[in-house]
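Survey of secondary and tertiary structure
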Amino acid sequence: MPAPPGPPSATRPAVGDEVRLARAYLSRVAEPPAHALHAFVARVGPVAAAELVRRGEVPAAVDSQTSARRAEVRPERDLELVAEAGGRLVVPEDPEWPAWPFTALDTAAANGLRCGLQPLALWVRGGASLAAVTGRAVAVVGSRAATGYGQHVAEEFGFGLAEAGVAVVSGAAYGIDGSAHRGALTAGGTTVAVLACGVDVAYPSGHRALIERIAVEGLVVSEYPPGHTPARHRFLTRNRLIAALAEGTVVVEAGRRSGAKNTAASTSALGRVLMAVPGPITSVSSSGCHELLRSGEAVPVSSVAEVVESTGRLGVDLVEARRNTEVGPPQGDAMRVFEALGLSSGHSPEAISVESGVELARVRALLPQLELARLAERGDSGWKRSQEASWRGDA
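Source: prediction; values computed, not measured. (Residues numbered from 1 in each chain as written. Predicted model: local features only at pLDDT ≥ 70, side-chain atom pairs only at ≥ 80, totals over all residues. Heavy atoms only, no water.)

Per the stated rule, a full pass over the model turns up 2 aromatic pairs. Seen from their ring centres, Tyr203 and Phe235 are 5.8 Å apart, and the 50° between their planes marks the pair as tilted. Of the two residues, Tyr203 sits in the loop between strand S5 (191–194) and helix H10 (208–217) while Phe235 sits in helix H11 (residues 232–244), which places them 32 residues apart along the sequence. Under the relative-accessibility criterion, Phe235 is labelled buried at 17%. (Phe/Tyr/Trp six-rings, centres within 6.5 Å; stacked < 30°, edge-to-face > 60°. Helix = DSSP H or I, 4+ residues; strand = E, 2+ residues; numbered from the N terminus. Buried < 20%, exposed > 50% of the residue type's maximum accessible area, 1.4 Å probe, protein only.)

What follows deals with the layout of surface pockets. Reported here for the largest pocket is a volume of approximately 340 Å³. Examining the composition of the lining of the largest pocket, we find that 6 residues originate from one element, H11, more than from any other. Forming the boundary of the second largest pocket are Pro33, Arg114, Cys115, His233, Leu236, Thr237, Arg240, Asn262, Ala265 and Ser266. Going through the elements one at a time, H11 and helix H12 (259–269) are the ones with two or more residues in the lining of the second largest pocket. Sorting elements by how many residues they give to the lining of the second largest pocket places H11 first, with 4 residues. (1 Å grid on protein atoms, 1.4 Å probe; cavity = no way out; pocket = protein on both sides within 12 Å on 5 of 7 lines; lining within 4 Å. Points joined across faces, edges and corners; volume = space filled by probe spheres on them.)

This part covers the nonpolar core. In globular proteins that are soluble, nonpolar side chains generally tend to be buried together. Among the nonpolar cores identified, the biggest contains 36 residues, and Phe102, Leu122, Val251 and Leu270 are the most heavily contacted of them. Dropping the residues within four chain positions of it, Phe102 is found in contact with Trp97, Gln118, Pro119, Leu122, Leu241, Ala244 and Leu245. Membership of the second largest hydrophobic core comes to 21 residues, among which are Ala146, Val252, Val301 and Val307. (Core = buried A, V, L, I, M, F, W, Y, C linked by side-chain atoms within 4.5 Å. Contact = heavy atoms within 4.5 Å.)

Moving on: empty space enclosed by the protein. One simple way to see leftover space: roll a probe sized like a water molecule over the atoms. Enumeration over the complete set of coordinates arrives at 1 cavity of 30 Å³ or more. Here the largest cavity is characterised by a volume of approximately 110 Å³. Considering the residues around the largest cavity, the lining is formed by 14 residues, among which Pro32, Ala34, Pro119, Leu120 and Glu223 are closest to the centre. In the lining of the largest cavity, the residues fall into 9 nonpolar, 3 polar and 2 charged. (Nonpolar A, V, L, I, M, F, W, Y, C, P; charged D, E, K, R; others polar.)

Quick look at helix H8 (residues 148–163) now. Taking 1.5 Å as the rise per residue, H8 with 16 residues should run 22 Å; its terminal C-alpha atoms sit 22 Å apart, in good agreement. Within H8 the residues assigned to the buried category are Gly150, Val153, Ala154, Phe157, Gly158, Gly160, Leu161 and Ala162. The secondary structure elements touched by the buried residues of H8 are strand S3 (137–141), strand S4 (167–170), helix H9 (176–186), strand S7 (248–251) and helix H14 (304–311). Of the residues trailing H8, Gly165 is marked for its positive phi of about 85°. (Expected span 1.5 Å × (residues − 1).)

The next thing to look at is the packing of helix H15 (residues 332–340) against helix H16 (residues 349–356). One way to put it is that H15 packs onto H16 with a least axis distance of 9 Å and a crossing angle of 115°. Comparing their axes, H16 and H15 come out roughly perpendicular. For H15 against H16, the interelement crossing comes out right-handed. From H15, Arg336, Val337 and Ala340 reach across to H16, where they touch Ile352, Glu355 and Ser356. Split by residue class, the contact of H15 with H16 holds 3 nonpolar, 1 polar and 2 charged. (Axes fitted to C-alpha atoms, helices over the stretch in contact; angles between N-to-C directions. Parallel < 35°, antiparallel > 145°, perpendicular 65-115°, else oblique. Left-handed = near helix turned anticlockwise from the far one by under 90°.)

Let's shift gears to the confidence of the model for the protein. Summary statistics for the protein give a mean pLDDT of 87 and a share of 89% for residues scoring 70 or more. Within the model, the stretch residues 314–327 combines pLDDT values under 50 with 17 contacts to residues more than four positions away or in other chains. (pLDDT = per-residue confidence, 0-100.)

Attention now moves to the pattern of salt bridges. Two side chains bearing opposite charge may form a pair once their charged atoms approach each other closely. Evaluation of the coordinates by the stated rule reveals 22 salt bridges. Where Glu93 meets Arg23, a salt bridge forms, and the shortest distance between an N and an O atom there is 3.0 Å. Of this pair, Glu93 sits in the loop between strand S1 (87–90) and helix H6 (99–110) while Arg23 is found in helix H1 (residues 17–29), placing the two residues 70 residues apart along the sequence. Relative accessible area serves as the criterion here: at 30%, Glu93 is assigned to the partly exposed category. According to the relative accessible area criterion, Arg23 is buried, its value standing at 8%. One salt bridge connects Lys261 with Glu291, and the closest N-O pair in it is separated by 2.7 Å. (Salt bridge = Lys/Arg side-chain N within 4 Å of Asp/Glu carboxyl O.)

This part is about the side chain of Thr134. Relative to the assigned elements, Thr134 resides in the loop between helix H7 (130–133) and S3. Among the residues examined, Thr134 registers a relative accessible area of 4% and is labelled buried. Contacts of Thr134, omitting those with residues within four sequence positions, involve Pro98, Pro101 and Leu245.

To characterise two packed helices, one gives the angle between the axes of the helices and the distance between these axes. Where H1 meets helix H3 (residues 46–55), the axes come as close as 8 Å, and the angle between the chain directions of the two elements is 50°. Here H1 lies oblique to H3, going by the angle between them. Between H1 and H3 lies a crossing whose hand is left-handed. Of the residues in H3, those in contact with Glu18, Val19, Ala22, Arg23, Tyr25, Leu26 and Val29 of H1 are Pro46, Val47, Ala49, Ala50, Val53 and Arg54.

Its location among the elements puts Asp177 in helix H9. Buried charge without a partner: Asp177 forms no salt bridge, and the closest opposite charge is Arg238, 5.2 Å away. Not counting chain neighbours up to four residues away, the residues in contact with Asp177 comprise Val140, Val141, Gly142, Ser170, Gly171 and Ala172. (Lys, Arg positive; Asp, Glu negative; His and termini not counted.)

The step from Pro32 to Pro33 runs through a cis peptide bond, and the omega angle for that step is -5°. When you line up the elements, Pro33 lands in the loop between H1 and helix H2 (35–44). Of note, the amide linkage connecting Tyr203 to Pro204 takes the cis form, showing an omega dihedral of -5°. Despite not being glycine, Leu117 has its phi angle at roughly 95°, a positive value. Inspection of the secondary structure assignment puts Leu117 in the loop between H6 and strand S2 (122–125).

Shown next, in the form of structure tokens:
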């Protein structure tokens, strides 16, 4: 299936080819996040920065980040490769650059946090505008070794968020990530896969078909140039983008030490809403979620509505209060009267008084109360237990 074209060029300003080529080169020449290079680009501009890096005429801090790769001058080829994969290079000078979501990265960087710093550019596959898609998005992350419970919750959340018009951001990994992506796709919604490798590299290989489908119906995003293979440190670097591109992150399942908890830490550091799904207290797969809840870092969520409320528009995306229609068992005299009621045939108050041992006046007062609670009903033959009783404690 041919990959879709990128957004029409008419939707972008006339970013000069030299700017795009410069950022393509800078994207390859340093391993992100490269704070010194980023500051250098901000000071002299991407075109001048690329030329100075190529010549090695840069400050020592920038040189240490770029000297190993500065001879890899192949921006034209990288742009060709991503175009062949149906993608494009999105740069900060483009209108689809997610400038507002990335302000949190700038703030974090200014405060010296490791999760801070915007990417120099993003390699993107998919026809949608990155800025538009991330205008309302939630990240759903969790363990690769997910349980059936976790996969079910992730898929349900992905489906429900997509139905609510919320884009689902995740990392395309096995387990929770894949389930969240599939749920969103099943609902016909938009999902964003942020990779720790080039957008032309299918990782994990078992998710090749899923990633290709996301590239057609959603977006596949990476700050790594085409051909880059995944590495452990790249997953940790990638996680800050998952957190930044969403208004909040839901951790469905996570062990005490997991990549999902790294994404959770980035979410909190960026000032985003962090949510966690409670699991069975005996499940090791939910132990990380329970730690986040116990520490107060995350708020508990058990439904899509609660996720939307936690990340949504003030006063608009509110969860409708749930009315508790489950009636608990009656107590004291009421219990004795209830147990004296027939299951199919009715009894008079006098007969109920004799059976229960509760005085007649008290029985006559309690029967209407049991009726209001939908535990009793009055028929032609007298009082009996209601067929609509929501309490199921009786045998």
